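Tertiary structure, described
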Amino acid sequence: MIFEIIVILIALLFIIFLQIKDKHTIKKFVVIVIGVLLFEYFTQALWFNKNLESWSYLYLDVSWILTIGWATIVLVSMAIIEYYQKKSSELKKFILTGLVVSIIAFFAEWVVLALDIREYSAPVLKLIQESPLLFGILPLREAIYVPAFVFLIIAFVKYWEPRMEIIDNLVNDVKKITKRGKKR
Amino acid sequence: MNITSLTLEILIIIVTIGIYSYLKNYEKKAKQKFIILFIAVFLFEIMSEPMWINHLFNSWAYLYGNVSWIVTLGWVDIFFVSFIIVDKLIFKNKKLSEKIKFWLYLLIVTIITVPLEAMLLKYGFRSYSSALTDTFSGLLIPFTGVPIELLIAVPMIAALIIPFYKYVNSIE
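All chains use their own residue numbering, which begins from 1 and follows the written sequence. Each chain is given a letter, starting from A, and each ligand a number, starting from 1, according to the order in which they appear as written. Predicted model: local features are reported for residues with pLDDT of at least 70 only, side-chain atom pairs are reported and counted for 80 or more only, and whole-chain, interface and lining totals are derived from all residues. The side-chain figures draw on all heavy atoms in the structure; neither hydrogens nor water molecules are used.

With that settled, consider the overall build of chain A. Secondary structure counts use DSSP, requiring at least four H or I residues in a row for a helix and at least two E residues in a row for a strand, with both numbered from the N terminus. A count of helical and extended segments in chain A gives seven helices and six strands. Secondary structure of chain A in N-to-C order comes out as α-α-β-β-β-α-α-β-α-β-β-α-α. For 184 residues, the compact-globule estimate of 2.2 N^0.38 gives 16 Å, and chain A sits close to it at 18 Å. The principal-axis extent of the C-alpha atoms belonging to chain A is close to 65 × 45 × 25 Å. Per-residue burial for chain A yields a buried fraction of 48% across its 184 residues. The Shrake-Rupley method, run with a 1.4 Å probe sphere, supplies the accessible areas, and residue values consider only the shown protein chains as cover. Entry remark: accessible area of chain A is about 10100 Å², with carbon and sulfur atoms responsible for 70%. Radius of gyration means the value over C-alpha atoms here, while the globule rule gives 2.2 Å times the residue count to the 0.38 power. Whether a residue is buried, partly exposed or exposed follows from its accessible area with a 1.4 Å probe, protein chains only, as a fraction of its type maximum: under 20%, in between, or over 50%, in that order.

Have a look at this one:
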């Protein structure tokens, strides 16, 4: 329960903070969640998400808590690069975002493994065990695997974000309704 | 050297050359587009390596583990054929929104992939790992040996690969 609450609080904190700076943050977050869910659904056979509260599972062992955790990592990394690399080319920003997400993702993955929330399926374990180690600790396959899906997800977000006006419209409608409610 | 495998490998290379030559006729950046799509598919192949096994290909067709650049090229061909069908055949003279095109790409990629996957399974070039078969319902697409789950998996794969291809091309 504590893990789930911490993830929700961290996600909310960053969304609220970044929404003040960028009014498209909620839209970005929703698109990231869709991208991460696609990936999680597709790769569900590769790992087990366990020991989470029953309400945090969407479908079999696909957990929306882990989805928003991943989405927050991507959102924050994109914001960091947008802030510090304003003048860089889109390609440079894309590559840097992928690298930042990958570095954070390695630590996040280590945390969920240590907390016994994540477990790999037998074929994944076999491939990781067969893989040579980078710097003596990091299996090469893991080092390739994480950036591979990270770059696919970031591209998904970059492609769909400008095409999801519907989310901005929904956010604006909710804001208007909330304002009207307050006036009354 | 396995002759059936060699035939399939040569066939994929010939189809690739044909598609690339066709693309060069109307695309100034055909080479760049080709490389970007290859990278996108390759990223997906890395990601999905534990899920299936590519058997019987000749050793030079493998890059590492069971990741094969020939299979990657096969996927690249499928995507380019679907782009050509949507962009150049169905909607040649019509301006269509990118969103509608996107859904059509997914549909056509799936239609092309099902019989090819059935063939790869039938001739033993492809099998699925136990982790994946454990999640299957046991239902098959009629007249094929392809699990019904492929009808969801292929559009999902395409929904990650196509945005990578489109986005990276747009910023290059």
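After that view of the structure, there is still more to cover.
Moving on, we get to the side chain of threonine 25 of chain A. All names here are of chain A. Structurally, threonine 25 is set in helix H2 (residues 25-42). Since its relative accessible area comes to 3%, threonine 25 is described here as buried. Two N or O atoms form a polar contact when they lie within 3.5 Å of each other; inside protein one atom must be a possible hydrogen donor and the other a possible acceptor, and for residues adjacent in sequence the pair counts only when both atoms belong to side chains. Side-chain polar atoms of threonine 25 contact the backbone oxygen of aspartate 22, separated by 2.7 Å.

It is worth spelling out empty space enclosed by the protein at this point. All names here are of chain A. Cavities and pockets are defined on a 1 Å grid built over the protein atoms alone: a cavity is a set of grid points where a 1.4 Å probe fits but cannot escape, while a pocket is an open set with protein on both sides within 12 Å along at least five of seven lines, and lining residues are those with an atom within 4 Å of any such point. Grid points are joined across faces, edges and corners, and a volume is the space filled by probe spheres set on the points. Going through the model one piece at a time under the given rule, you end up with three cavities of 30 Å³ or more. The space that makes up the largest cavity amounts to roughly 230 Å³. Looking at the largest cavity, it is lined by 17 residues, and the ones nearest its centre are Val124, Ile128, Arg141, Glu142 and Tyr145. Listing elements by their share of the lining of the largest cavity, those giving two or more residues are helix H5 (122-130) and helix H6 (140-160).

On to the interface of chain A and chain B. With 29 residues of chain A at the interface, the matching set in chain B holds 33 residues. Once two parts are put together, the accessible area they lose, assessed with a 1.4 Å probe and summed over both, is termed the buried area. Buried surface at the junction of chain A and chain B, summed over both partners, amounts to about 2900 Å²; 82% is from carbon and sulfur atoms. Considering only the surface of chain A that becomes buried against chain B, Phe42, Leu152 and Tyr159 of chain A emerge as the three largest contributors, covering 27% of it. A pair is scored as a salt bridge if a Lys or Arg side-chain nitrogen falls within 4 Å of a carboxyl oxygen belonging to Asp or Glu. One can count zero salt bridges joining chain A with chain B. Linking chain A with chain B are three residue pairs in polar contact (both at pLDDT 80 or more). Going through the elements one at a time, H2, helix H4 (90-114), H5 and H6 of chain A are the ones with two or more residues in the side of chain A that touches chain B. Here the side of chain A that touches chain B takes twelve residues from H6 of chain A, the largest share from any one element. Note on contacts: a residue pair qualifies if any of its non-hydrogen atoms lie within 4.5 Å across the two residues.

Residues and elements named next belong to chain A. Simply put, an axis is a line fit to the C-alpha atoms, just over the touching stretch for a helix, and the angle between two N-to-C directions goes from 0 to 180 degrees. The interhelical angle for the contact between H2 and helix H3 (residues 64-84), taken along N-to-C directions, is 130°, at an axis separation of 9 Å. With respect to each other, H2 and H3 are oriented oblique. You can see that H2 and H3 cross each other, and the crossing is right-handed. Where H2 abuts H3, its residues Thr25, Lys28, Phe29, Ile32, Val33, Val36, Leu37 and Glu40 lie against Leu66, Thr67, Ile68, Trp70, Ala71, Thr72, Val74, Leu75 and Met78. Orientation labels follow simple angle bins: below 35 degrees gives roughly parallel, above 145 gives roughly antiparallel, 65 to 115 gives roughly perpendicular, and whatever is left gives oblique. With the far helix as reference, a near helix turned anticlockwise by less than a right angle produces a left-handed crossing, and one turned clockwise produces a right-handed crossing.

Residue and element names in this part refer to chain B. Relative to each other, helix H4 (residues 98-122) and helix H6 (residues 150-171) sit at 130°, their axes nearing to 9 Å. Overall, the two elements H4 and H6 adopt an arrangement that is oblique. In terms of crossing hand, the pair formed by H4 and H6 is right-handed. Residue-level inspection shows Glu98, Phe102, Tyr105, Leu106, Val109, Thr110, Thr113, Val114 and Glu117 of H4 in contact with H6, the latter providing Leu150, Leu151, Val154, Pro155, Ala158, Ala159, Ile162, Pro163 and Lys166. Charged residues are taken to be Asp, Glu, Lys and Arg, nonpolar residues to be Ala, Val, Leu, Ile, Met, Phe, Trp, Tyr, Cys and Pro, and polar residues to be all remaining types, Gly included. Its residues assigned to classes, the contact of H4 with H6 shows 13 nonpolar, two polar and three charged.

Moving on to the nonpolar core. One broad rule of soluble globular proteins: the nonpolar side chains tend to lie buried together. Among buried residues, the Ala, Val, Leu, Ile, Met, Phe, Trp, Tyr and Cys ones that are joined through side-chain atoms within 4.5 Å form a nonpolar core. Counting 112 residues, the largest nonpolar core has Phe42, Phe94 and Phe149 of chain A together with Leu37, Phe79, Phe80 and Phe164 of chain B as its most contacted members. In terms of residues, this core owes the most to one element, H6 of chain B, which gives 15 residues. If near-sequence neighbours (up to four positions away) are discounted, phenylalanine 80 of chain B is found in contact with Ile19, Leu23, Lys33, Phe34, Leu37 and Tyr165 of chain B.

What follows deals with the environment of aspartate 61 of chain A. All names here are of chain A. Note on placement: aspartate 61 falls in the loop between strand E2 (57-59) and strand E3 (62-63). Aspartate 61 sits in the buried class, given a relative accessible area of 14%. Along the primary structure aspartate 61 and valine 101 are separated by 40 residues, whereas in three dimensions their C-alpha atoms are 23 Å apart. Excluding its chain neighbours within four sequence positions, the residues that come into contact with aspartate 61 are Gln44, Trp47, Phe48 and Asn49.

What follows covers unusual backbone geometry. Residue and element names in this part refer to chain A. At asparagine 51, a position not held by glycine, the phi torsion is positive, near 65°. Checked against the element boundaries, asparagine 51 lands in the loop between strand E1 (47-49) and E2. Assessed through its relative accessible area of 57%, asparagine 51 is described here as exposed. Despite not being glycine, leucine 60 has its phi angle at roughly 45°, a positive value. With respect to the element layout, leucine 60 can be found in the loop between E2 and E3. Residue leucine 60 is classed as exposed on the basis of its relative accessible area, which comes to 61%.

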